[in-house]
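A closer look at the structure
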Amino acid sequence: MIFIDTLLLGISSGAIYSLMALALVLVWRSTRVVNFAQASQAVLSTYVGYEITMRTHNYWVSLPVAILFGAALGSSIDLLFMFYLAKKVRSGPIAEIAPVIATLGLLGLLQSIIGLIWGNSFLQYSTPLSGKGFTFGNHTVPFSPQNLLIVLATALVLIVFGVVFKFTNLGLALRAASFQPEIAQLAGIRVGRIRNIGWAFAGAAGAVAGAVITPTSVLSPNSLDLLLVSGFIAAVMGGLDSLVGAVIGGLVLGIGFAFILQYVGSSVTFLAGFFILVIVLLIRPRGLFGHQLGRHA
Amino acid sequence: MSDGLVVENLTVNYGAIRAIRNISFTVSANEMVAVIGANGAGKSTLLKALSGMIAPVSGSATWNGISLQKKRPEELVRLGIVHVSEGKSVIPELTVDENLALGGLWRRDKLDVSAALRDSLNLFPILATRLAQRADSLSGGERQMLAIARALVSRPKLLLMDEPSLGLAPMIIDQIFDALNHLRNQLGLAILLVEQNAVSALKIADRGLVLNLGELVKSGSSIELLGDADLRTAYLGF
Ligand SMILES: Nc1ncnc2c1ncn2[C@@H]1O[C@H](COP(=O)(O)OP(=O)(O)OP(=O)(O)O)[C@@H](O)[C@H]1O
Ligand SMILES: [Mg+2]
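Report follows, based on the coordinates.

Analysis parameters
Residues numbered from 1 in each chain as written. Chains lettered and ligands numbered in written order. Predicted model: local features only at pLDDT ≥ 70, side-chain atom pairs only at ≥ 80, totals over all residues. Heavy atoms only, no water. Pairing = 2+ DSSP bridges. Helix = DSSP H or I, 4+ residues; strand = E, 2+ residues; numbered from the N terminus. Axes fitted to C-alpha atoms, helices over the stretch in contact; angles between N-to-C directions. Contact = heavy atoms within 4.5 Å. Donors = N, O, S within 2.8 Å, 3.2 Å for Na, K, Ca; no water. Buried < 20%, exposed > 50% of the residue type's maximum accessible area, 1.4 Å probe, protein only. Buried area = accessible area lost by both parts, 1.4 Å probe. Salt bridge = Lys/Arg side-chain N within 4 Å of Asp/Glu carboxyl O. Polar contact = N/O pair within 3.5 Å; in protein donor to acceptor, adjacent residues only side chain to side chain. Nonpolar A, V, L, I, M, F, W, Y, C, P; charged D, E, K, R; others polar.

With that out of the way, let us pick up the sheet that holds strand 10 (residues 215-221) of chain B. Through backbone hydrogen bonds, the strands of a sheet pair up, either in parallel or in antiparallel fashion. Residue and element names in this part refer to chain B. Here we have six strands laid out as an open sheet, ordered 6-7-8-3-9-10, and mixed in their pairing. The sheet is open, and its two borders are formed by strand 6 (81-84) and strand 10, each paired with just one other strand. Neighbour to neighbour, the strand axes of the sheet diverge by 15 degrees on average, direction disregarded. Taken together, the six bridges between strand 9 (residues 207-212) and strand 10 define a ladder with antiparallel strand orientation. Counted as the bridge partner of Gly 208 is Gly 220 from strand 10. Sitting on the sheet, helix 6 (residues 140-153) is in contact with strand 6 and strand 7 (158-162), with an inclination near 170 degrees to strand 6. Where helix 7 (residues 170-185) meets the sheet, its contacts fall on strand 3 (32-36), strand 7 and strand 8 (190-195), and the angle it forms with strand 8 comes to roughly 155 degrees.

This is how it looks when you write it as structure tokens:
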């Protein structure tokens, strides 16, 4: 019984990491930028969702609004900052890191904006779903309808984006534009436009993560920061480029945490994340699903 | 208006470095013009300026009367100007299939995209057996073939080829040059062929342009240039 409960606990937190990791992989896949502002974009979208529930009292209305807002935010960040930056700093030693630094600045900016509008206190953004575990007979398992929503959202994001990337022309253009923008251009791809769609996708995925994860705890300007770290570990474990890898990475991490918490103790859990990451990377340096042949190989 | 590619007094700088200076020439349909010269002569720069990858500081270039200035590469592709850049212009992370599809993504006429795809695979049959493979698993020659095939899926009218022979075995080079020949003779493409391998290039080209330190130092028919002893010793070292 304890084993099954621990497993379920691991899956429910693992799904959260997976969703976060998926959002990170989507940014990476469609923009090749490590986006530190991802968490604050997701939080801002979640606040928008929160505002909508305050007005409509309906979480299911707020969810799509938050997702659309997330997409619009991602797209605007690209148009207002990244596009301009890439144009100005096209080559030279800082061309590669300038966008990363810019996203760090953006992280601070967005968090301050959130603080200015909503303050820094904890808010409650809730779903109509129960956070209490399902009950079988007289045993309540640590897996609630809320957790089920997260698992479903993870599966949905995985399937939708997996299909878009792998089987559609847009997906092909996105991959080409992110791998080799110059060659993609020479093949006739309107790279600027395609990258912008990539930023919108990534913003939408982050918003999904924020809006379904936040109801399991509280909403504050930096409430997703720690999750971002776990999500990043999960994404790297999965090879950073693989959607399936991100999900499995998240589950490995969540289940690993749960068992360490149960059988070793709570004092080591934070370190355990890095420990699991190091072990995975030692066994498979390119991550669980990384490609053998890579551009950087 | 004048037909084909007309380049007049084209000059390109990289910051303070003057990469090409006051270059003028023409290329018409059905014609292959070789651009030869040593390392750093400005050959690739010339192609980049024509495909919209870099902006010239002065001079002009037109294609069938339409100015190429201030147009991005993806717009020029839509005018039929396709650049196969230096070093096997494929996307290594994508499959052969996907690389080919890329050349036709922007095109409305999907029937003709399929036809162009078939034509390309007929030209390089080896690719047909590699469709599901990632491009980075191909040999150098196959990669170059893929780059050309992808360009053909866009149905180019002017092909800008940057050193297709680089690092390839003589047999493969022959095969690629044969393909270029076919494209000029059967499909009537205009081809600007950049090569360091001057003799092989002049053998298939109609005319040649010799670049040295960014300047056009000589131009003429291939036969003329091949027989020019001064040229050999001064610029080409053969
Ligand atoms: N991005 C760049 N920034 C600064 N200088 C450049 C750049 N690209 C090329 N150059 C310089 O411009 C000149 C012409 O370069 P280009 O690449 O056009 O020569 P090339 O004839 O194609 O040579 P190769 O046969 O080696 O390919 C060279 O002096 C080169 O150093
Ligand atoms: Mg060159």
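The discussion continues.
A few words now on the coordination of the magnesium ion (ligand 2). Residue and element names in this part refer to chain B. Distances from the magnesium ion (ligand 2) to its protein donors, Ser 44 (OG) and Glu 86 (OE), fall at 1.9 to 2.4 Å. A residue pair is termed long-range when its members are at least 10 positions apart, and Ser 44 in helix 1 (residues 43-50) and Glu 86 in the loop between strand 6 and helix 3 (96-102) qualify at 42 residues. The partly exposed category is assigned to Glu 86, whose relative accessible area is 40%.

Attention now goes to the interface of chain B and chain A. The interface is formed by 28 residues belonging to chain B together with 22 residues belonging to chain A. Taken together, the two surfaces of chain B and chain A that pack against each other cover about 2,100 Å², and 62% of this comes from carbon and sulfur. Of all residues in chain B, the largest losses of buried area upon contact with chain A belong to Glu 74, Glu 93 and Leu 105 of chain B, amounting jointly to 24% of the total for that side. Seen at the junction of chain B and chain A, the total is two salt bridges. Salt-bridge contacts for Glu 98 of chain B lead to Arg 175 of chain A; the nearest nitrogen and oxygen are separated by 2.9 Å. The tally of links between chain B and chain A comes to five residue pairs in polar contact (both at pLDDT 80 or more). Put simply, the parts of the chain that give the side of chain B that touches chain A at least two residues each are helix 2 (73-78), strand 6 and helix 3 of chain B. Sort the elements by how many residues they give to the side of chain B that touches chain A and helix 2 of chain B lands first, with five residues. Residues that form the side of chain B that touches chain A fall into these classes: 12 nonpolar, seven polar and nine charged.

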